[in-house]
Amino acid sequence: MLSAMDLAKTHRTPQGPLSLFQDLSLNLNHGESVALMGESGCGKSTLLHILAGLEQADQGRVMINEQDICRLNDSQRAHLRRHHLGVIFQQLNLIPSLSIYDNLVFQARLADRLDKPWLEHLITKLDLQLLLKRYPAQLSGGQQQRVAIGRALAAKAPLLLADEPTGSLDEANAEQVMSLMLSLVKETGTSLLMVTHSSHLASQLDRCLTLSQGRLS
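Rules of the game
- Residues numbered from 1 in each chain as written.
- Predicted model: local features only at pLDDT ≥ 70, side-chain atom pairs only at ≥ 80, totals over all residues.
- Heavy atoms only, no water.
- Helix = DSSP H or I, 4+ residues; strand = E, 2+ residues; numbered from the N terminus.
- Rg over C-alpha atoms; globule rule 2.2 N^0.38 Å.
- Buried < 20%, exposed > 50% of the residue type's maximum accessible area, 1.4 Å probe, protein only.
- Contact = heavy atoms within 4.5 Å.
- Pairing = 2+ DSSP bridges.
- Axes fitted to C-alpha atoms, helices over the stretch in contact; angles between N-to-C directions.
- Core = buried A, V, L, I, M, F, W, Y, C linked by side-chain atoms within 4.5 Å.
- Parallel < 35°, antiparallel > 145°, perpendicular 65-115°, else oblique.
- Left-handed = near helix turned anticlockwise from the far one by under 90°.
- Nonpolar A, V, L, I, M, F, W, Y, C, P; charged D, E, K, R; others polar.
- Arc of directions from axis to C-beta.

J.: Break down the overall build of the protein chain for me, with residues and values.
T.: A tally of helices and strands in the protein chain yields seven helices and ten strands. In terms of overall size, the protein chain behaves like a compact globule, its C-alpha atoms giving a radius of gyration of 17 Å where 217 residues would be expected to give roughly 17 Å. Its C-alpha atoms put the protein chain at 50 × 35 × 35 Å along the principal axes. In the protein chain, which comprises 217 residues, the share counted as buried stands at 50%. If you take every contact in the protein chain between residues at least 6 apart in sequence, the share linking residues at least 24 apart comes to 70%.

Now the structure itself:
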């Protein structure tokens, strides 16, 4: 499903170059859920952005659907994301000018893969029925998180990348949102790679990787 080989990334800082990782490799199998942990600033979000084709690695390959996204141009990477990836950003990135319903269907429509029965199922499971005509600013943090999950899953993309999807929630809400996400991921057989700082949430996934000093273990 996802294979990354020999990735390297260095950030330029006022103090000089900062190497986040060198010769980093990982694999994610079909239907597998993997947590990615590590200290703040170690490069977890950067790695996720590289895997999603949102940021370029200095070297290495990322294979998704038998395509090396590091060798694609911007428009080819955007096409691959539309059809093969769901992404839940740390800042959620809901579109403030669109209703909750239109946010939910946004990616599925772009991919020409809007399945209305599946969408209705998502709306019910995520308890969004009474919120569809509202706008993101009118929702609580937990409600916005559920919308972001629904949008990412609505297009039935085979791979979901999630960056701290419950990071802004208290423990009870985080547990509820995580349970919903994992249940829906299992229904579709979606592969999941999730950045998290919570060892409790990480323990609910199939396996856990830790990024430390530029290495995965």
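J.: Summarise the sheet that holds strand S8 (residues 191–195); cite the residues concerned and give the values.
T.: Spatially, the six strands line up as an open sheet ordered S6-S7-S8-S3-S9-S10, and their pairing is mixed. Each having just a single partner strand, strand S6 (85–88) and strand S10 (215–216) make up the two edges of the open sheet. Taken together, the five bridges between strand S7 (residues 159–163) and S8 define a ladder with parallel strand orientation. Following the sheet pairing, Ala 162 is matched in S8 by Met 194. Strand contacts of helix H2 (residues 74–84): S6 and S7, with the helix running at about 90° to S6, the strand carrying the most contacts.

J.: If you had to explain the nonpolar core to someone new, which residues and values would you point to?
T.: Of all hydrophobic cores here, the largest spans 41 residues; its most connected members are Ile 88, Leu 104, Leu 128, Leu 160, Met 181 and Leu 192. Among the elements of the structure, strand S3 (33–37), helix H3 (100–110), helix H4 (116–125), helix H5 (141–154), S7, helix H6 (171–188), S8 and helix H7 (199–202) are those that each provide at least two residues to this core. The element that contributes the greatest number of residues to this core is H6, accounting for eight residues. Dropping the residues within four chain positions of it, Leu 192 is found in contact with Leu 28, Glu 32, Ser 33, Val 34, Leu 160, Ala 162, Met 181, Leu 182, Val 185 and Leu 205. Leu 28, Ala 52, Ile 69 and Val 87 belong to the second largest nonpolar core, which has 31 residues in total.

J.: Let's hear about the packing of H4 against H5: which residues, and what values?
T.: When two helices pack together, their arrangement is given by the angle between the helix axes and the distance between those axes. Put simply, H4 and H5 touch, their axes get as near as 10 Å, and they point 160° apart. Classified by the angle between their axes, H4 and H5 sit roughly antiparallel to one another. Both H4 and H5 take part in a crossing whose hand is right-handed. On H5, the residues touching Trp 118, Leu 119 and Leu 122 of H4 are Gly 150, Leu 153 and Ala 154. For the contact of H4 with H5, the per-class residue count stands at five nonpolar, one polar and no charged.

J.: Before we move on, could you go through the packing of H3 against H5 and cite the residues and values that matter?
T.: At their nearest, the axes of H3 and H5 sit 6 Å apart, and the two run at 30° to each other. It follows that H3 is roughly parallel to H5 by the angle criterion. The chirality of how H3 crosses H5 is right-handed. Contacts from Ile 100, Asn 103, Leu 104, Gln 107 and Ala 108 of H3 reach H5 at Val 147, Gly 150, Arg 151, Ala 152 and Ala 154. Residue composition of the contact of H3 with H5, by class: six nonpolar, three polar and one charged.

J.: Would you mind going over H2 in detail, with residue names and values included?
T.: Taken together, the buried positions of H2 are Arg 77, Leu 80 and His 84. The arc enclosing the buried residues of H2, seen along the axis, measures out at 60°, which places them on a common side. Exposed side chains of H2 directed beyond 90 degrees from the buried face belong to Asp 74 and Ser 75. Taken together, the buried residues of H2 touch strand S4 (59–64), strand S5 (67–68), S6 and S7.

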